[in-house]
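So the chains spell out like this:
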There are 2 protein chains.
Amino acid sequence: MNQSKQSIITSLNPTATIPLYRQIYDRVRDSIASGVLKPGDRIPSARALTKELGLARGTIDTAYSLLAAEGYIQARGQAGTVVTPDLKRLPAARPAPQQDVGLSTSFRPDSILPFQMGLPALDAFPRKIWARIGAQIVRAMQPADMVHPIVNGLPELRSRIAAYLQVSRGINCTASQIFVTSGYRHSIELICHALMKAGDRVWLESPGYPPTRQILEHMHIKPVSVPVDRDGMTVSEGIKLAPRARAAVVTPAHQSPLCLSLPLSRRLELLDWAARNEAWIIEDDYDGEYRYVSRPLPALKSLDRDGRVLYAGTFSKVLLPSLRLAYLVVPEAQVERFSAISETFTGGSPELTQAIVTAFMAEGHFARHIQRMRKLYGERREATAAGLEAILGKFMRIDSQPGGMHLILRLEGKQSDRDLVARMRNAGLYAEALSDWSMAQDPSSALLLNFTNIDSQRTAEALGKRILKVL
Amino acid sequence: MNQSKQSIITSLNPTATIPLYRQIYDRVRDSIASGVLKPGDRIPSARALTKELGLARGTIDTAYSLLAAEGYIQARGQAGTVVTPDLKRLPAARPAPQQDVGLSTSFRPDSILPFQMGLPALDAFPRKIWARIGAQIVRAMQPADMVHPIVNGLPELRSRIAAYLQVSRGINCTASQIFVTSGYRHSIELICHALMKAGDRVWLESPGYPPTRQILEHMHIKPVSVPVDRDGMTVSEGIKLAPRARAAVVTPAHQSPLCLSLPLSRRLELLDWAARNEAWIIEDDYDGEYRYVSRPLPALKSLDRDGRVLYAGTFSKVLLPSLRLAYLVVPEAQVERFSAISETFTGGSPELTQAIVTAFMAEGHFARHIQRMRKLYGERREATAAGLEAILGKFMRIDSQPGGMHLILRLEGKQSDRDLVARMRNAGLYAEALSDWSMAQDPSSALLLNFTNIDSQRTAEALGKRILKVL
């Protein structure tokens, strides 16, 4: 390890045209290739190397994330960063000098970290069933499956989604109202293209899911931050702030990120406002199924008598994020408009992933999987809360909440959630800071921790101890 | 058949709230379900039924395309429309009343038609190899393949694309300059988000690929039609029409749709204009590999010394349109900007399709497939031209062209290409009208016919005879 650190340091050339992160990347890779570093060896932590080399932390992170993305190294939290233990074929297959990969502007961990947000339970996914169906479908490919897919989505998938929404979310819609998209961002973008123009104002929850704001702002649509209280979006505040807004984006099932359910009175108030002002309600129902205290609430869309609600659903949370499949339910009167927009902007989602999901639904695995996950997540939520409470109870208070996939840990005193999140990430733990989700002047300080991949109270306690160390 | 036609006619109710297309759809489906229509039975052609019922053609087409999309019927060109011969499980799996599927605003044939544009040779695709790789990958899915994909694309895929572009298209770029997208439309949209604003002017070729114009117009960017002469886009005209345009979209390898190659002098003129005006060149290289008279020309991007060219490539033509995979090469100085845009707007392409393509490339099948297709398309081009020439030589003249995937048949006299295309579609033959691709006041009249799926001169002759009948 010392030798490798030495060789990284001595071989850097700050004046070369090759960027520093690239030089670090090359050095580590060469050390592995030449056998100086062996599978399983520890390499200096990004933090240590940052200090040692006097470089910007971002430079080291970039190099390390590149190495991790290509499978050379693995971050192991407290155990440090190691050369991938089962690394076999070394740099063989990799074409030579143009090796770079692009750098994400937002944080994306090298590997799956404890508490990582937005992930379903990866250990509980029915991989065998999935693999069987996937292999069958890829083998059965016919010419009709090779041409341009229907842009709005496979007809049978859309029928299945409509039937599912009827049963599970109380939504009455036809398959023609369903538009398969490549994710929530894509759904929001289609809505903007179809129904909004530059300068329109849109209510957003504060705190609320940051990407929605980014997309709208980029499209020159003006977000209006509407405060969330203990019941979710304060509709009356929205009406005060921007009565003539063009739309409101809400997360009625479990407010994102506070996991509160919007009560019926607020739902009706919102629908009434939308109907009177011909405004749109965009219902982001990213995890409405995952409620543990009682049956899931019907979607807001189920109350939509005036055709004002656009319902955004996704397979990312109930199946897998890597699928890139989501959908939008649009009011019947808007189907034509959305079809035209969809024809212009999208080429459709890949036939293969759509067909696999269709078969998975048709064979009944989808409904079963959601049922199983609802039970499992209820248990994991309890276990994680109990484990963290046992270790961190003095410093934090865990919100009680009816559903969702993450816990909210309120920090006592003046502790900054952002600083703590940064320290946790250095220690190989994921968390998001509630402040980063809020537009309030003085946002509350809390950690958002996904619990769906925490398998027991014991694991939660062990992780709690790691948080304790960086508190 | 008479009985079914009778039952369709008598049961329609123009005053009902159920739309007429839906009534027709229901009637046909019910007739099949009840056994009145049996697998293999002919049903009235859309044309006959339009006449018979005195309804708009669109109404019937809508009902029929819905039935075809759901697998109930099949259009068989001259042989008419039939109930799908091997129709087995009847309406069983289909949930009841909300059965509708959305209607595309542009023409999308019910099944694959002869001469259908934009398709590679479906019969020559290495399906077995593909299925083997696909099944392996779907079975080997690991947790890291289940989470959110890196939005710019899998690092290894991007490395493979960079290496391929170096060898095949003369483009020197790093993997970090490559952004995997879900198709050409998505690539263009990303470019608009990253580099353009409402009111910007952009040169487009006339004739040129219609979707580019639609996307720009929807984003309030103003297309400037630059005429195409025998050498491709007339750069000098562009400079006259809009010297300060923000960008130019060109198809230098094989002008779309005229298949002309842009000569070096024009390429340099374009690059010079872009450099002097800080304008962007968007190189749409949709089928640059498919040149039959000599080696493919290097891409325009290979001459880009000033970082003004954005190169748009796609797997739709060299592999399959149903994959929904394309890519964009951006100048190094723009990587950061595109990363930010990509983070905001896209969630990445599905891990599975990316991984299959990566393995297909890594095992050498990609390069081999392109080589085989270049040879095959050269032969099919010859055979199709000879077959059509033999039958239609008196009425049409086939352009000679160095490459591409379709033939251009110039119509003699005052024949309208649009009318002929409509008659051909009624007869179950695909064609596009050159007029529909042009912004000129008095566009030339020609048919665009894809030849990659025409397997022999004999087939081409048989199809030529079918065209002759509707001339």
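Residues numbered from 1 in each chain as written. Chains lettered and ligands numbered in written order. Predicted model: local features only at pLDDT ≥ 70, side-chain atom pairs only at ≥ 80, totals over all residues. Heavy atoms only, no water.

### A short note on the side chain of B:T212
(1) Moving on: Here B:T212 shows up in helix α8 (residues 210-218).
(2) Moving on: Once residues within four sequence positions are removed from consideration, B:T212 is found in contact with B:Y184, B:I188, B:L204 and B:V249. (Helix = DSSP H or I, 4+ residues; strand = E, 2+ residues; numbered from the N terminus. Contact = heavy atoms within 4.5 Å.)

### Notes on the interface of chain A and chain B
(1) Moving on: Counting residues at the interface gives 80 residues for chain A, matched by 80 residues for chain B.
(2) Moving on: Taken over both partners, the interface formed by chain A and chain B buries close to 6700 Å², and the fraction arising from carbon and sulfur atoms is 62%.
(3) Moving on: Our count for the contact surface shared by chain A and chain B stands at 22 residue pairs in polar contact (both at pLDDT 80 or more).
(4) Moving on: At the level of elements, α5 (127-139), α6 (155-169), α7 (184-195), α8 (210-218), α11 (335-345) and α12 (351-362) of chain A are the ones that each hand at least two residues to the side of chain A that touches chain B.
(5) Moving on: At eight residues, α6(A) tops the list of elements feeding residues into the side of chain A that touches chain B.
(6) Moving on: Residue composition of the side of chain A that touches chain B, grouped by class: 37 nonpolar, 27 polar and 16 charged. (Buried area = accessible area lost by both parts, 1.4 Å probe. Polar contact = N/O pair within 3.5 Å; in protein donor to acceptor, adjacent residues only side chain to side chain. Nonpolar A, V, L, I, M, F, W, Y, C, P; charged D, E, K, R; others polar.)

### Description of the pairing of strand β9 (residues 280-284) of chain A
Residue and element names in this part refer to chain A.
(1) Moving on: For β9, the buried fraction is high: five of the five residues fall into the buried class.
(2) Moving on: Residues of β9 alternate between two faces, with W280, I282 and D284 on one and I281 and E283 on the opposite face, all of them buried.
(3) Moving on: Relative to β9, strand β8 (residues 247-250) runs parallel, the two sharing four bridges. Within β9, the residue paired with V250 across the bridge is E283.
(4) Moving on: With helix α10 (residues 264-277) bridging β8 and the parallel β9, this β-α-β connection has right-handed handedness.
(5) Moving on: Relative to strand β10 (residues 309-314), β9 runs parallel, the two sharing four bridges. Across the sheet, D284 pairs through a bridge with A312, a residue of β10. (Buried < 20%, exposed > 50% of the residue type's maximum accessible area, 1.4 Å probe, protein only. Pairing = 2+ DSSP bridges. Right-handed = clockwise from strand over helix to strand, strands pointing away.)

### A closer look at helix α15 (residues 457-470) of chain B
Residues and elements named next belong to chain B.
(1) Moving on: Along its 14 residues, α15 runs 20 Å from first to last C-alpha, staying within 8% of the 20 Å computed at 1.5 Å per residue.
(2) Moving on: Every buried residue of α15 is listed here: A460, L463, G464, R466, I467 and V470. The arc that holds every buried residue of α15, seen down its axis, measures 160°, which confines them to one face. Residues of α15 that are exposed and angled more than 90 degrees away from the buried face: R458 and K469.
(3) Moving on: Elements that come into contact with the buried residues of α15 comprise α13 (365-392), β12 (396-398), α14 (417-426) and β15 (446-450). (Expected span 1.5 Å × (residues − 1). Arc of directions from axis to C-beta.)

### Considerations on empty space enclosed by the protein
(1) Moving on: All told, the structure shown has five cavities of 30 Å³ or more when counted by the stated rule.
(2) Moving on: Its boundaries defined by the atoms lining it, the largest cavity holds a volume of some 310 Å³.
(3) Moving on: Secondary-structure elements contributing two or more residues to the lining of the largest cavity are β4 (178-181) and α7 of chain A together with α7 (184-195) of chain B.
(4) Moving on: Here the lining of the largest cavity is composed, by residue class, of eight nonpolar, 16 polar and five charged. (1 Å grid on protein atoms, 1.4 Å probe; cavity = no way out; pocket = protein on both sides within 12 Å on 5 of 7 lines; lining within 4 Å. Points joined across faces, edges and corners; volume = space filled by probe spheres on them.)

### A word on the sheet that holds strand β1 (residues 42-43) of chain A
Residue and element names in this part refer to chain A.
(1) Moving on: Ordered in space as β1-β3-β2, the three strands form an open sheet in which the pairing is antiparallel. Looking at strand neighbours, the two that pair on one side only are β1 and β2 (73-75), the edges of this open sheet.
(2) Moving on: Sheet topology places β1 next to strand β3 (residues 81-83); two bridges connect them, and they run antiparallel. Considered in β3, the bridge of R42 is made with V82.

### Section: the pattern of salt bridges
Residue and element names in this part refer to chain A.
(1) Moving on: For the coordinates displayed, the defined rule picks out 30 salt bridges over all chains.
(2) Moving on: Where D123 meets R380, a salt bridge forms, and the shortest distance between an N and an O atom there is 2.8 Å. Taken together, the positions of D123 in the loop between β3 and α5 and R380 in helix α13 (residues 365-392) put the pair 257 residues apart, joining distant regions of the chain.
(3) Moving on: Residue K197 pairs with D200 through a salt bridge whose shortest N-O separation is 3.2 Å.
(4) Moving on: Through salt bridges with shared partners, one network takes in K197, D200 and R246. (Salt bridge = Lys/Arg side-chain N within 4 Å of Asp/Glu carboxyl O.)

### Side note on the packing of helix α6 (residues 155-169) of chain B against helix α12 (residues 351-362) of chain B
Residue and element names in this part refer to chain B.
(1) Moving on: Relative to each other, α6 and α12 sit at 45°, their axes nearing to 9 Å. When the axes of α6 and α12 are compared, the pair comes out oblique. Note that α6 runs across α12; the crossing there is left-handed. Here α6 contributes E156, L157, R160, I161 and Y164 to the contact with α12, which in turn contributes Q354, V357, T358, M361 and A362. (Axes fitted to C-alpha atoms, helices over the stretch in contact; angles between N-to-C directions. Parallel < 35°, antiparallel > 145°, perpendicular 65-115°, else oblique. Left-handed = near helix turned anticlockwise from the far one by under 90°.)

### Quick word on the confidence of the model for chain A
Residues and elements named next belong to chain A.
(1) Moving on: Summary statistics for chain A give a mean pLDDT of 87 and a share of 86% for residues scoring 70 or more.
(2) Moving on: Note on residues 1-6: pLDDT under 50 across the span, and seven contacts to partners over four residues away in sequence or across chains.
(3) Moving on: Note that residues 89-106 has pLDDT below 50 and, in this model, 50 contacts with residues that lie over four places away or in other chains.
(4) Moving on: With pTM at 0.79, the complex prediction returns an ipTM value of 0.78. (pLDDT = per-residue confidence, 0-100.)

### Section: the side chain of B:H186
(1) Moving on: Among the secondary structure elements, B:H186 is positioned in helix α7.
(2) Moving on: Of the residues examined, B:H186 reaches a relative accessible area of 16% and is grouped as buried.
(3) Moving on: A polar atom in the side chain of B:H186 sits 2.9 Å from the backbone nitrogen of B:S182.
(4) Moving on: Discounting chain neighbours no more than four positions away, the residues touching B:H186 are A:F345, B:T181 and B:T346.

### Side note on the nonpolar core
(1) Moving on: Ranked by internal contacts, the top residues of the largest apolar core, which has 142 residues, are A:F315 and B:F315.
(2) Moving on: With 54 residues, the next largest nonpolar core counts B:I191, B:M196, B:V249 and B:V335 among its residues. (Core = buried A, V, L, I, M, F, W, Y, C linked by side-chain atoms within 4.5 Å.)

### Examining the pairing of strand β6 (residues 222-229) of chain B
Residues and elements named next belong to chain B.
(1) Moving on: The pairing of strand β5 (residues 201-206) with β6 spans six bridges and is parallel. Looking at β6, one finds that L204 is bridged to S225.
(2) Moving on: The β-α-β motif built from β5, the intervening α8 and the parallel element β6 has right-handed crossover chirality.
(3) Moving on: Relative to strand β7 (residues 232-233), β6 runs antiparallel, the two being bridged by two bridges. Directly across from D229, in β7, lies its bridge partner G232.
(4) Moving on: Hairpin connection from β6 to β7: two residues lie between these consecutive antiparallel strands.

### A look at unusual backbone geometry
(1) Moving on: Of note, the bond from A:S256 into A:P257 is cis; its omega dihedral lies within 30 degrees of zero at 15°.
(2) Moving on: Following the sequence through the fold, A:P257 ends up in the loop between β8 and α10.
(3) Moving on: Even without a glycine there, the phi angle at A:R324 is positive, about 55°.
(4) Moving on: For A:R324, a relative accessible area of 7% translates into the label buried.
(5) Moving on: A positive phi angle is found at B:F115, which is not glycine, with a value near 75°.

### Things to note about the relation of the copies chain A and chain B
(1) Moving on: If you rotate chain A by 180° and push it 0.1 Å along the axis, it lands on chain B with an RMSD of 0.2 Å. Such a turn and shift between the copies fits a two-fold axis. When each C-alpha of chain A is compared by its distance to the rotation axis, A:A135 comes out closest, at 2.1 Å.
(2) Moving on: A high fraction, 99%, of the interface residues of chain A reappear at the interface in chain B, so the copies pair face to face through one surface. (Least-squares fit on C-alpha atoms with pLDDT ≥ 70 in both.)

### Examining the sheet that holds strand β1 (residues 42-43) of chain B
(1) Moving on: Reading across the sheet, the three strands line up as β1-β3-β2 (chain B) and stay open at both edges, with antiparallel pairing between neighbours. The open sheet is flanked by β1 and β2 (73-75) of chain B, the only strands paired with a single partner.

### Description of the environment of A:D419
Residue and element names in this part refer to chain A.
(1) Moving on: As for its position among the elements, D419 is in helix α14 (residues 417-426).
(2) Moving on: Accessibility expressed as a relative area gives 45% for D419, which makes it partly exposed.
(3) Moving on: With 52 residues separating them along the chain, D419 and L471 place their C-alpha atoms 9.5 Å apart.

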